[in-house]
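Coordinate analysis (summary)
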Amino acid sequence: MNRLSYKVIKENENMQPICPIFQIVLDDKETGFYFDVAGLELSSKKSGIFPIVIGRCDVIGCCGMYIEVAQKQDKVFWKKFWNGQCCGEPEPDDELKEFRFADGFIIKPPLEFDIKEYHNIFEQIWKELPKFKSECEKYKRDLIDYKAGKLFRI
């Protein structure tokens, strides 16, 4: 089973605030990629395709990925990966067979997580989110869009 967590990244080397804030840590390895917090929240509540992985640019369509999530009993599965640059709902040609976080750190679906741990990740982020104004504002805007069905964009 895979382990998912996060690391708070508040400043870059020039001590300037950066957005996004919550770096994905997968199987105890820092990825250099970040959670789309609204996408993570929705994926913690139901199955579907969600924008979950974004790069430092904070735009899913630049270098991020959509993930097809399935919740079954006590597990959450990342079943398929979809190119974040797709325009509109992902099509078969947009599917990624693997995703490269960094040199030597490539993941392939499916990934499997404990559902309680997965839900806990969002709950932990939720508690920290108000500390970061820009990330909190982005989360609120994105959540409204995502709940309205506007999940897919570049």
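Before reading further, recall that the structure is shown in the block above.
Along each chain, residues carry numbers from 1 onward, in the same order as the chain's sequence is written. Restriction of local features to residues with pLDDT of at least 70 applies here, the model being predicted, together with a cutoff of 80 or more for giving and counting side-chain atom pairs; totals for whole chains, interfaces and linings are based on all residues. Think of the side-chain values as coming from all heavy atoms in the structure, minus any hydrogens and water.

A word on the packing of aromatic side chains. The criterion for an aromatic pair is that two Phe, Tyr or Trp rings (for Trp, the six-membered ring) have centres within 6.5 Å, with stacked assigned to planes under 30 degrees apart, edge-to-face to planes over 60 apart and tilted to the rest. One pass over the full model with this rule turns up 10 aromatic pairs. A ring pair is formed by Tyr6 and Phe22, whose centres lie 5.6 Å apart and whose planes are at 80°; its orientation type is edge-to-face. Linking Tyr6 in strand β1 (residues 4-8) with Phe22 in strand β2 (residues 22-26), this pair joins segments that are 16 residues apart in sequence. Only protein chains enter the accessibility calculation, which uses a 1.4 Å probe; a residue is then buried when its area is under 20% of its type maximum, exposed when over 50%, and partly exposed in between. On the basis of relative accessible area, Tyr6 is assigned to the buried category, the value being 15%. With relative accessibility at 0%, the residue Phe22 sits in the buried group. On the numbers, 5.2 Å between centres and 75° between planes, the contact of Phe99 with Phe101 is edge-to-face. Pair check on accessibility: Phe99 and Phe101 agree, each one buried. Through a chain of ring-to-ring contacts, three or more aromatic side chains come together here, namely Phe33, Phe99, Phe101 and Phe105. Strands are runs of DSSP state E lasting at least two residues, helices are runs of H or I lasting at least four, and both sets are numbered from the N terminus onward.

Attention now moves to the environment of Glu128. Among the secondary structure elements, Glu128 is positioned in helix α3 (residues 115-128). Take Glu128: its relative accessible area is 19%, and that puts it in the buried class. Measuring from C-alpha to C-alpha, the distance between Glu128 and Met1 comes to 26 Å, with 127 residues separating the pair along the chain. We call two residues in contact whenever any of their non-hydrogen atoms come within 4.5 Å of each other. Once residues lying within four places of it in the same chain are set aside, the contact partners of Glu128 are Tyr6, Val8 and Phe22. Think of a polar contact as two N or O atoms within 3.5 Å of one another; within protein, one of them needs to be a possible hydrogen donor and the other a possible acceptor, and neighboring residues in sequence only count if both atoms come from side chains. At a separation of 2.5 Å, a polar atom in the side chain of Glu128 contacts the side chain of Tyr6.

Whenever a carboxyl oxygen of Asp or Glu lies within 4 Å of a side-chain nitrogen of Lys or Arg, that contact is scored as a salt bridge. Summed over the entire model, instances satisfying the criterion amount to 11 salt bridges. When the shortest N-O distance is used, the salt bridge between Glu68 and Lys79 registers 3.9 Å. Highlighted residues: Glu68 in strand β5 (residues 65-72) and Lys79 in strand β6 (residues 75-83), separated in sequence by 11 residues. The exposure class assigned to Lys79 is partly exposed, which follows from its relative accessible area of 36%. As a salt-bridge pair, Asp103 and Arg100 come within 3.9 Å of each other at their nearest N and O atoms. Of the residues examined, Asp103 reaches a relative accessible area of 73% and is grouped as exposed. Look at the salt bridges and you will find they share partners, linking Asp36, Lys138 and Asp142 into a network.

Moving on, we get to the pairing of β2. Among the five residues that make up β2, five are buried, leaving the element largely enclosed by the rest of the structure. Two strands pair if DSSP finds at least two bridges between them. Across five bridges, the pairing between β1 and β2 is antiparallel. Residue pairing for β2: Tyr6 is matched across the bridge by Ile24. What sits between β2 and strand β3 (residues 29-35) in their antiparallel hairpin is a turn of two residues, with Asp27 showing a positive phi close to 50°.

The terminal C-alpha atoms of helix α4 (residues 133-147) lie 21 Å apart, and with 15 residues this matches the ideal 21 Å at 1.5 Å per residue to within 8%. Here α4 has its buried residues at Glu135, Cys136, Lys138, Tyr139, Asp142, Leu143 and Tyr146. Down the axis of α4, the smallest arc covering the buried residues is 160°, so these residues share one side. Every exposed residue of α4 that faces more than 90 degrees away from the buried side is listed here: Lys133, Lys140 and Ile144. For a helix, the expected span equals 1.5 Å multiplied by the residue count minus one. Here the arc refers to the set of directions running from the helix axis out to each C-beta atom.

Here we come to the nonpolar core. Where a protein is soluble and globular, its nonpolar side chains tend to be buried together. Definition of nonpolar core: a set of buried residues of the types Ala, Val, Leu, Ile, Met, Phe, Trp, Tyr and Cys, connected through side-chain atoms within 4.5 Å. Judged by nonpolar contacts, the single largest core of 39 residues is most densely connected at Phe22, Phe35, Ile52, Val53, Trp78, Ile107 and Tyr118. The greatest single-element share of this core, amounting to five residues, is contributed by α3. Contacts of Phe35, omitting those with residues within four sequence positions, involve Leu4, Ser5, Tyr6, Phe22, Ile24, Leu40, Ile52, Ile54, Ile121, Ile125 and Glu135.

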